[in-house]
Amino acid sequence: MTYSTQPTASHYINGAYVEDSNGAEISVIYPATGEVIATVHAATPAILEQAITSALAAQKSWAATSGTERGRIMRRAADMMRERNHDLSVLETFDTGKPYQETSVADATSAADALEYFGGLAATLTGEHIPLGEDFVYTRREPLGLCVGIGAWNYPAQIAAWKGAPALACGNAIVFKPSETTPLSALKVAEILHEAGLPAGLYNVVQGLGDVGASLVTDPRVDKVSLTGSVPTGRKVYAAAAEGIKHVTMELGGKSPILIFDDADIEAAVGGVILGNFYSSGQICSNGTRVFVQTGIKDAFLNRLAERLATAVIGDPQDPETSFGPMVSEAQMNIVLGYIEKGKAEGARLVAGGSRLDRDGFFVEPTIFADVTDEMTIAREEIFGPVLSVLDFDDEADGIARANDTEFGLAAGVFTSDLTRAHRVSAAFEAGTCYINTYNLAPVEAPFGGSKASGVGRENSKAAIEHYSQIKSVYVAMGPVDAPY
Ligand code: NAD
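Now for a look at the structure at hand. (Residues numbered from 1 in each chain as written. Predicted model: local features only at pLDDT ≥ 70, side-chain atom pairs only at ≥ 80, totals over all residues. Heavy atoms only, no water.)

**Notes on the sheet that holds strand β13 (residues 290–294)**
Put simply, the test is: Strand pairing requires that DSSP identify at least two bridges connecting the strands. Labels follow the DSSP assignment, with helices taken as runs of H or I lasting at least four residues and strands as runs of E lasting at least two, numbered in each case from the N terminus. Axis definition: a line fitted to C-alpha atoms, limited for helices to the stretch in contact. Angles are taken between N-to-C directions and run from 0 to 180 degrees.
Ordered in space as β14-β15-β16-β13-β12-β17-β18, the seven strands form an open sheet in which the pairing is mixed. In this open sheet, the two edge strands, each paired with only one partner strand, are β14 (349–352) and β18 (433–436). Here the strands of the sheet are splayed against their neighbours by 20° on average, with no regard to which way each runs. Bridge analysis of strand β12 (residues 257–260) against β13 gives four bridges, and the strand direction is parallel.

Here it is as structure tokens:
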């Protein structure tokens, strides 16, 4: 391998790479081959202390820097990220196993979008003036202080920026802990931000497993926690944050529905379902894994889906021609294979895939089950792999009720050519993001997040500002104080 995937050191603190080899070793494995491509060390208490104290020391003067200046640095970082997109995408592909075809358009570029967007907003963040006759109140939009970000492994660079960009735009400092499965890209985000002129200490990266995340969440000096992860982890982190009355953003899991009506454009529906189930080998939180197909087009839909799926190019993820890569880890592959076995055992009809591929790495075939019913495990639990369940429906109201019959509420999609039905169904969906005649797009301009067990708060868009800042009211009296005695 000519490309070096070993980072300079495990952590990035106070504007520099920092190592502490007393921390437990974490091997970084290339999912396409199973090779160890880097080793990092989990953060020790001393490393966490350095990260927190440097963030606290830097935050006050950053908050006092004008929004225009903060934004300029962030937008410079966005430009640098785009210039380095190729190298960042190669690294992201080594870290996650996702095809370069995807990482080159959806990872560092999405991180750059967040830095550019929130960099642009930074100068516009203001309070308001509230007249009260002679007296008045003005509000100040202030940062929260020290934010902690904890990431999942499916979009490492993107998650590092989706949390870091709004935090920095609002004048906060952040300590980010990437997933232990994909620790590499966040270090690059930190490096670029500092090269772009970000003062030391404002964006720190520390490595580690859940215990390191938990230490950060419970530290009394931390004001806000933003987690991207599973619902079980979300419950723990939310509870720990509640103990300290900290602000939270929870971006959690899903089991999202897609309703495809008889009058849908089949090519669009098949395309949406491919994006919503097989992109990133199915490792996307908002995936539409419960595909409800109205019985009138079921056969046509399944046939066309199988035809298009057969053209997927499965192979070396660094090859730009490859369009379908491995699962992120052996553990995740085994979870997915376990669900496939459950699907078969519970009577779902396997119509495509269903097996591990006979090659190195953690490849699972794109898998489709038909005749899935609502109570089957594969229709109820988040699989986080390339396993699509097709369920039948006839009646719109019944389809909506079944779509909503889940603890999750991250996303939902509808394919139909009936304009009023598209909006009626979207209004009825219990989900944070709905799609009409497309699926799984997440532009930085639009709020993204879950309802029900899928989360709390929103990332991206102006909505994220509410979750990284707080309002202070200042009452100004213009006359004497009217006290009763
Ligand atoms: P995970 O919940 O296992 O881990 C997420 C992160 O939390 C990791 O960094 C982990 O080290 C950390 N963590 C674990 N226990 C912790 C604790 N007690 N305290 C603090 N931190 C702790 O999730 P994963 O397997 O890395 O990612 C897959 C999950 O993430 C899926 O459920 C997926 O739906 C979800 N996800 C959600 C979104 C979204 O935006 N809603 C995006 C991507 C992934």
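So, next bit.
**Some details on the site of the ligand**
Worth spelling out the cut-off: If even one non-hydrogen atom of a residue comes within 4 Å of a molecule or strand, that residue is called near it. Between N or O atoms, a polar contact is any pair within 3.5 Å; within protein, one atom must be a potential hydrogen donor and the other a potential acceptor, and residues adjacent in sequence are included only when both atoms are from side chains. Surface exposure here means Shrake-Rupley accessible area, sampled with a 1.4 Å probe, where a residue is shielded only by the protein chains that are shown. Polar here means any residue outside two lists: the nonpolar Ala, Val, Leu, Ile, Met, Phe, Trp, Tyr, Cys and Pro, and the charged Asp, Glu, Lys and Arg; Gly therefore counts as polar.
Of all residues adjacent to the ligand, which total 28 residues, the nearest are Gly151, Glu180, Ser230, Thr233 and Glu382. One of the side-chain N or O atoms of Lys177 is found 2.9 Å from an oxygen atom in the ligand. Between Ala214 and the ligand, the recorded distance is 3.5 Å, taken from a backbone N or O atom to a nitrogen atom. In the complex, 87% of the free accessible area of the ligand, which totals 850 Å², lies under the protein chains. Within the residue set of the shell around the ligand, elements represented by two or more residues are α8 (210–218), β10 (224–228) and α9 (231–243). A class-by-class count of the residues in the shell around the ligand yields 13 nonpolar, ten polar and five charged.

**Quick word on the packing of aromatic side chains**
Quick reminder of the rule: The criterion for an aromatic pair is that two Phe, Tyr or Trp rings (for Trp, the six-membered ring) have centres within 6.5 Å, with stacked assigned to planes under 30 degrees apart, edge-to-face to planes over 60 apart and tilted to the rest. Accessible area is worked out with a 1.4 Å probe on protein chains only. A residue is then buried under 20% of its type maximum, exposed over 50%, and partly exposed in between. The rule is short: NZ of Lys or CZ of Arg within 6 Å of the ring centre and within 35 degrees of the ring normal puts a charge over the ring.
Applying the stated rule across the entire model yields seven aromatic pairs. Taking 5.0 Å as the distance between ring centres and 80° as the angle between the ring planes, the aromatic pair formed by Tyr12 and Tyr17 counts as edge-to-face. Classification of Tyr12 by relative accessible area gives buried; the value is 5%. According to the relative accessible area criterion, Tyr17 is partly exposed, its value standing at 22%. With centroids separated by 5.2 Å and ring planes inclined at 85°, the aromatic side chains of Phe261 and Phe393 adopt a geometry described as edge-to-face. Taken together, the residues Phe261 in the loop between β12 and α10 (266–275) and Phe393 in strand β16 (residues 387–393) connect sequence positions 132 residues apart. Looking at Phe261, the relative accessible area reads 0%, which means it is buried. Seen from the ring of Tyr155, Lys98 lies directly overhead, with NZ or CZ sitting 3.3 Å from the centre.

**Examining the nonpolar core**
Quick note on the threshold: Only buried Ala, Val, Leu, Ile, Met, Phe, Trp, Tyr and Cys residues count toward a nonpolar core, and they belong to the same one when joined by side-chain atoms within 4.5 Å. Whether two residues are in contact is decided by their heavy atoms, any of which lying within 4.5 Å being enough.
Ranked by size, the top nonpolar core spans 85 residues in total, and within it Met81, Phe118, Tyr203 and Val206 carry the most contacts. Beyond its immediate stretch of four places on either side in the chain, Val206 contacts His11, Ile13, Ala43, Ile47, Leu48, Ala51, Val175, Phe176, Lys177, Pro178, Val212 and Leu216. Counting residues in each nonpolar core, the second largest holds 28 residues, with Met327, Phe362, Ala379 and Ile383 among its members.

**Here's the deal with helix α5 (residues 108–122)**
To be explicit about the condition: Helix span, expected: 1.5 Å multiplied by one less than the number of residues in the helix.
Between the first and last C-alpha of α5 there are 21 Å, a value that for 15 residues agrees with the 21 Å anticipated at 1.5 Å per step. The buried fraction of α5 is high, at twelve of 15 residues. Every buried residue belonging to α5 is among Ala108, Thr109, Ser110, Ala111, Ala112, Ala114, Leu115, Tyr117, Phe118, Gly119, Leu121 and Ala122, and all of these are buried. Each element contacted by the buried residues of α5 is listed here: α2 (67–83), α3 (85–96), α4 (100–106), α6 (156–169), α7 (185–195) and α16 (463–468).

**Let's talk about unusual backbone geometry**
Of note in this structure, Lys452 is not a glycine but carries a positive phi near 50°. With respect to the helices, strands and loops of the structure, Lys452 is situated in the loop between β18 and β19 (455–456). The partly exposed category is assigned to Lys452, whose relative accessible area is 36%. With a phi close to 65°, Asn460 is a non-glycine residue in the positive phi region.

**Things to note about the packing of α2 against α7**
Put simply, the rule reads: Here roughly perpendicular refers to angles of 65 to 115 degrees, roughly parallel to angles under 35, roughly antiparallel to angles over 145, and oblique to all remaining angles. By convention the crossing between two helices is left-handed if the near helix lies anticlockwise of the far one by an angle smaller than a right angle, and right-handed if it lies clockwise.
Where α2 meets α7, the axes come as close as 8 Å, and the angle between the chain directions of the two elements is 125°. As the angle between them shows, α2 and α7 are arranged oblique. Read as a crossing pair, α2 and α7 show a hand that is right-handed. Seen from α2, the contacting residues are Ile73, Ala77, Met80 and Met81; seen from α7, they are Val189, Ile192, Leu193 and Glu195. By residue class, the composition of the contact of α2 with α7 is seven nonpolar, no polar and one charged.

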